[in-house]
Amino acid sequence: VLGGHGFSYATGWWPATRANSPTAHWSYLYTLFLAAVYGTVGVAPIAARVLQALIVGVLHPLLVWRIGRRLFSPTIGLASAALTAVYLYFVFYAGALVTESLYLLAILWVLDLATAIAYTEGNAQRASATGRWLLLGLACAVTVLLRQVFLLIVPFILTWLVWQLTRGRTDGAPLTPRALVAPVAITTAIIAACILPWTARNYRAFGEFVPLNTNAGFAFYWGNHPIHGTSFIPILPSDPDVNYATLIPREFRGLNEAQLDKALLA
């Protein structure tokens, strides 16, 4: 990206992206995060690792504490944050250059904002404040741009919020469904505004409608391939005759990445 090649690979890349061809397989947002770090300090992975570990190491326990305190008690919030700070899986991911680190953090940001809206103290009308819903839309958009699968979760979060606010879960009078149309629309519009530029980029790159990333078809196809038998194989062994590339039907191998993703999903 820094060299002006756009989102592509210099060599043939897993799963089936040809060299110097456009790709939408990985998170655009995380790629841009790394590009920003390398563009500032040079191509130094250790700098990205340290910066990410600092961001995640501080904000992950903080958000867990806020959510635990709000839903249960300050003691539970503090205990949850302490466990989060020493949980080895989170410690490992904090410095690993993979999307999981920031994705988990973004999910916590969404949950923190959603519960803050749902459990607002005082007048229930405060729960419909525009600023809160704008932030929720931004948090959801960031999470989706890190992992598109979160798009499936967003409707459930918004439905839960409407349910909480219309049943009088806040300390004031319950809101009417009509009063929540505009706030929910604001959140949805923010998410759509953040996704649409990438959808337009994908259409220009592939001539296909691809909302965000091209990885769902690959994941479903290989995850459910009969080669696994009755025992799932996490990573196929290195075999020149049976590998991820050779498992793709021959008639699909001339398709571009977006077309192949859809064909494999079908």
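Attention in this report is confined to the structure presented alongside it. (Residues numbered from 1 in each chain as written. Predicted model: local features only at pLDDT ≥ 70, side-chain atom pairs only at ≥ 80, totals over all residues. Heavy atoms only, no water.)

For the chain, the helix and strand inventory stands at ten helices and zero strands. Going residue by residue from the N terminus, the α and β elements of the chain occur as α-α-α-α-α-α-α-α-α-α. Expressed as lengths along the three principal axes of its C-alpha atoms, the size of the chain is roughly 65 × 45 × 40 Å. Residues classed as buried in the chain amount to 38% of the 266 residues present. Restricting to contacts in the chain with at least 6 residues of sequence separation, those with at least 24 account for 65%. Element-wise, carbon and sulfur atoms account for 69% of the exposed surface of the chain, whose accessible area totals about 14500 Å². Computed over 16 positive and 10 negative side-chain charges, the separation of the two mean positions in the chain equals 11 Å. (Helix = DSSP H or I, 4+ residues; strand = E, 2+ residues; numbered from the N terminus. Buried < 20%, exposed > 50% of the residue type's maximum accessible area, 1.4 Å probe, protein only. Contact = heavy atoms within 4.5 Å. Areas by Shrake-Rupley, 256 points an atom, 1.4 Å probe, with all protein chains shown as cover. Lys, Arg positive; Asp, Glu negative; His and termini not counted. Charge placed at Lys NZ, Arg CZ, Asp CG, Glu CD.)

The interhelical angle for the contact between helix H7 (residues 154-166) and helix H8 (residues 181-206), taken along N-to-C directions, is 165°, at an axis separation of 11 Å. Taken together, the axes of H7 and H8 are roughly antiparallel relative to one another. At the point where H7 passes H8, the crossing takes the right-handed sense. Here Val154, Leu158 and Val162 of H7 come into contact with H8, specifically with Val184, Thr187, Thr188 and Ile191. Of the residues contributing to the contact of H7 with H8, the split by class is five nonpolar, two polar and no charged. (Axes fitted to C-alpha atoms, helices over the stretch in contact; angles between N-to-C directions. Parallel < 35°, antiparallel > 145°, perpendicular 65-115°, else oblique. Left-handed = near helix turned anticlockwise from the far one by under 90°. Nonpolar A, V, L, I, M, F, W, Y, C, P; charged D, E, K, R; others polar.)

The next point concerns the environment of Ile76. Mapped onto the fold, Ile76 is located in helix H3 (residues 74-86). Taking C-alpha positions, Ile76 is 7.9 Å from Trp65, a pair spaced eleven residues apart along the chain.

On the surface, a nonpolar cluster with roughly 350 Å² of combined accessible area is contributed by Trp13, Trp14 and Trp26. Looking at the element boundaries, Trp13 is found in the segment before helix H1 (28-41). (Patch = residues over 30% accessible without salt bridge, like charges linked within 9 Å, V, L, I, M, F, W, Y side chains within 5 Å. Salt bridge = Lys/Arg side-chain N within 4 Å of Asp/Glu carboxyl O.)

Our next topic: the packing of helix H5 (residues 100-118) against H7. Closest axis-to-axis distance for the H5/H7 pair is 9 Å, and the angle between their directions is 20°. Taken together, H5 and H7 sit at an angle that is classed as roughly parallel. For the element pair H5 and H7, the recorded crossing hand is right-handed. Contacts between H5 and H7 involve Val110, Ala114, Thr115, Ile117 and Ala118 from the former and Ile157, Trp160, Leu161, Gln164 and Leu165 from the latter. Grouping the constituent residues of the contact of H5 with H7 by class yields eight nonpolar, two polar and no charged.

Further remarks concern the packing of aromatic side chains. Each pair of aromatic rings is reported with the distance of its centres and the angle of its planes. Throughout the structure, instances matching the rule amount to 13 aromatic pairs. Measuring from ring centre to ring centre gives 5.7 Å for Tyr30 and Phe33, while their planes differ by 35°; the resulting arrangement is tilted. Linking Tyr30 with Phe33, this pair stays in helix H1, spanning three residues, or about one helical turn. Each member of the pair Tyr30 and Phe33 is classed as buried. An aromatic cluster of three or more residues is present, and its members are Tyr87, Tyr89, Phe90, Phe92 and Tyr93. Its guanidinium or amino end placed over the ring of Trp65, Arg69 lies 4.3 Å from that ring's centre, counting from NZ or CZ. (Phe/Tyr/Trp six-rings, centres within 6.5 Å; stacked < 30°, edge-to-face > 60°. Lys NZ or Arg CZ within 6 Å of the ring centre and 35° of its normal.)

So, about unusual backbone geometry. Positive phi, normally seen in glycine, also occurs at Asn20, with a value near 60°. Topologically, Asn20 is positioned in the segment before H1. Judged by relative accessible area, Asn20 falls into the exposed class, the value being 61%.

Counted according to the given criterion, the structure contains four salt bridges. The salt bridge involving Arg70 is made with Asp112; its shortest N-O contact spans 2.9 Å. On the criterion of sequence distance, the pair formed by Arg70 in helix H2 (residues 45-71) and Asp112 in helix H5 is long-range, its members being 42 residues apart. For Arg70, a relative accessible area of 24% puts it in the partly exposed group. By relative accessible area, Asp112 is classed as buried at 4%.

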